[in-house]
Protein chains: 2
Amino acid sequence: MTDVAIIGASMTQFGERDGWVCDLLAEAATACLDDTGVRADALDHLYVSNMASGEFEGQTGVPNALAHDIGALGAYTQRVDQTSSSGGAGIYAAWQSIASGASDLTLLVGGEKMTHRTTGEATDVIASLTHPHEYKHGVTLPSFAGLTARAYLDQYDAPREALAEVAVKNHANGVDNPHAQFRKEINRETALDSPLVADPLRLYDFCPITDGSAALLFCPVDVAREYTDDYVRVAGVAGATDTHVVHERPDPTTMNGVVKSGERAFEQAGLSPEDVDVAELHDMFTILEFLQYEDLGFAEKGHAWEDAMDGTTARDGDLPINTSGGLKSKGHPLGASGVAQGYEIYKQLVGEAGDRQVDAEVGLACNVGGFGNCVTTAIFEVGA
Amino acid sequence: MTDVAIIGASMTQFGERDGWVCDLLAEAATACLDDTGVRADALDHLYVSNMASGEFEGQTGVPNALAHDIGALGAYTQRVDQTSSSGGAGIYAAWQSIASGASDLTLLVGGEKMTHRTTGEATDVIASLTHPHEYKHGVTLPSFAGLTARAYLDQYDAPREALAEVAVKNHANGVDNPHAQFRKEINRETALDSPLVADPLRLYDFCPITDGSAALLFCPVDVAREYTDDYVRVAGVAGATDTHVVHERPDPTTMNGVVKSGERAFEQAGLSPEDVDVAELHDMFTILEFLQYEDLGFAEKGHAWEDAMDGTTARDGDLPINTSGGLKSKGHPLGASGVAQGYEIYKQLVGEAGDRQVDAEVGLACNVGGFGNCVTTAIFEVGA
């Protein structure tokens, strides 16, 4: 198996953007190639992580359009879809392309264009990822999140304020991310007093609807130095499903897709949760940050909320979580989000995270599809 | 790099089917696992090749639904989309999963459910894969096919009857395929007298709209014998784009995606076109069979039509093409078609092709996305 490096990364401004998704993808792709000094026509593979360009924009075949628009004529292209974890699935696919020897240079670009649709329309598209058995009963992901948050608070005797603290922390981090959709601090009261959405969750427990794109460039480790002095090694990457029908899970506060993908990724990397210095978790809803934090082994079950309350997960804490601002403040353009997690970890590990910089040699990204229906976890370390 | 084997294959009845796409996928998946005696919960990876479940059925997240419905809980799942070559892209993705060591057992299932929509609706979804630069002018793939066929006939002084002969041959093959949508012989006059669609192409130059699914099971070659006595080795597989804007191509009768993916696959396999005993080509339109036949090196440019006219590509000829009946007679459920090409080659190489059986040790499948916008070519050989 060929050892895999990431040699470049980029992301666009997240928020409300003009144009169609391919314009955003091209912007990120070109910035990533420029960052590394690679020409588009040198690419072997070009992957696009995108959930729903057909549903949102009436356009398919986006990877081919992107190859055309950036001048990657001849490269093999493919769309990677794993709903809201399409970006993480793209990292896994790009890793496989290099590790298998199929490609010596793979560009992964994730993106989504959503804000031109109403919130109701966007929610409908996202809800279409649930199993028809549940979908026909009107279930949406926010409703799952409310039920899960209630179960967590009750089961572990956690204070409601702990969820607000996740929003406060991620908004504080987002202030220093020039690409974030929201760059404003909030306080606990703002979060706790915001409109109720799915009891006990309120507006500030939810990520926004976002346009944006991010890109990562992969090659074999043994040629990484030909492109750049600073690279990141993909130490482990894996994915796993949980039950697609959420109500079949024995414990709503455990996401088995996170547990299994984490175990597999740590085993491949030969590392353990204690080795991780910084992590991006999929905080589509504040409660999800706690579940992933525990299911990846960063805390015992039922104790993640304590690490949020005591500052362990703040930027100056022992294990900074979502230094990018997370989905909460940075935004969540579905197919881009997992790639943007990789961008943040890359920037932290190569020391280019600017005002968000923390001291880190090992980073982790966990990207959750649906309500944990399929999850990918990737572990990165500073190139030797 | 781990050497990759295919150890099982299945396909559903193609045609007008009830249910939603996941029902078809589950039928093919279960048949493929049963064929090999493998339990669904043993799968590491589960890939679904599907172009447009969201657009055709309003449902996304199909790979997770499939994992649920067949009992593959825990497996990593992902949708592979490369428009009409999603199936071939799935073969490439499944190959990479095994070759990279990410998976020891990968099930690929391709499928599409289309016939519940009108022909106009289905054509609109398919046309959405063209670049917006062309799409907004109303271009559809059949119109490209008509223009290309006219150019081919003029450029190489080929008779119109040669195109009809492709339809006649593929319908004759389909008669012996129990899964084919159409199992009826036609003669040259029927094809030549059918309604005009895109001059010079007529109704019988086009594949139908189809529901269906097909599956292939992959593992490392060195454990293939633990599952089955007869397996097929993936000798080479590769993909390549051509210009996404079709009118930018210097010669409309050459598909550079076919040329490049073929060259790459042959190089990886250490084989040449002369070594191929049987091939499935993407005859979405009759003219495409000629282009691929030439662009893969089976004939000099401008001479494929002669091999169709003299019987070289018939089932009892020197190089049988589309023994399955091809897309023309078997049907073309977008995401399933590339996988079903693999099914046919697998069955031919392991000697289970029934009345369609030919003498073959090396087979090739070429799956065309869009109008050659991205193409995958896979070469298979009998397991040693």
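- Chain A carries the name Thiolase family protein in an unreviewed UniProt entry, which gives Halosegnis longus as its organism.

### A few points about the pattern of salt bridges
Opposite charge on two side chains permits pairing when their charged atoms draw close.
Right, so step 1: Within this structure, the stated rule accounts for 38 salt bridges over all chains.
Right, so step 2: Of the charged contacts, one joins Glu121 of chain B and Arg117 of chain B as a salt bridge, the two residues approaching to 2.8 Å between their closest N and O atoms.
Right, so step 3: Classification of Arg117 of chain B by relative accessible area gives partly exposed; the value is 26%.
Right, so step 4: The network of salt bridges with common partners includes Asp3, Arg233 and Glu381 of chain A.

### Describing the interface of chain B and chain A
Right, so step 1: Counting from both sides, the interface comprises 58 residues of chain B and, opposite them, 58 residues of chain A.
Right, so step 2: Between chain B and chain A, a total of about 4300 Å² is buried, with carbon and sulfur atoms accounting for 49% of that surface.
Right, so step 3: Of all residues in chain B, Thr60, His68 and Tyr76 of chain B bury the most surface against chain A, accounting for 14% of the area lost on that side.
Right, so step 4: Applying the counting rule to chain B against chain A returns two salt bridges.

### So, the relation of the copies chain B and chain A
Right, so step 1: Rotating chain B by 180° and translating it 0.0 Å along the rotation axis places it on chain A, where the RMSD comes to 0.0 Å. This pairing of chains is accounted for by a two-fold axis. Taking the C-alpha atom as reference, chain B places Ser100 of chain B closest to the rotation axis, 2.0 Å from it.
Right, so step 2: Looking at the interface residues of chain B, 100% of them are also at the interface in chain A, so both copies use one shared face.

### Brief notes about the UniProt feature "domain: Thiolase C-terminal" (unreviewed entry) in chain A
Right, so step 1: On the UniProt side, "domain: Thiolase C-terminal" (unreviewed entry) is annotated at positions that read residues 239–381 of chain A here.
Right, so step 2: As a span, residues 239–381 of chain A carries 36% helix and 15% strand, and end to end its C-alpha atoms are 19 Å apart.

### Quick notes on the UniProt feature "domain: Thiolase N-terminal" (unreviewed entry) in chain A
Right, so step 1: Within this numbering scheme, the UniProt entry marks residues 4–220 of chain A as carrying the feature "domain: Thiolase N-terminal" (unreviewed entry).
Right, so step 2: A helix fraction of 43% and a strand fraction of 18% characterise residues 4–220 of chain A, whose end C-alpha atoms lie 5 Å from each other.

About the cut-offs
Residues numbered from 1 in each chain as written. Chains lettered and ligands numbered in written order. Predicted model: local features only at pLDDT ≥ 70, side-chain atom pairs only at ≥ 80, totals over all residues. Heavy atoms only, no water. Salt bridge = Lys/Arg side-chain N within 4 Å of Asp/Glu carboxyl O. Buried < 20%, exposed > 50% of the residue type's maximum accessible area, 1.4 Å probe, protein only. Contact = heavy atoms within 4.5 Å. Buried area = accessible area lost by both parts, 1.4 Å probe. Least-squares fit on C-alpha atoms with pLDDT ≥ 70 in both. UniProt positions renumbered as here; feature names shortened; annotations may be inferred. Helix = DSSP H or I, 4+ residues; strand = E, 2+ residues; numbered from the N terminus.

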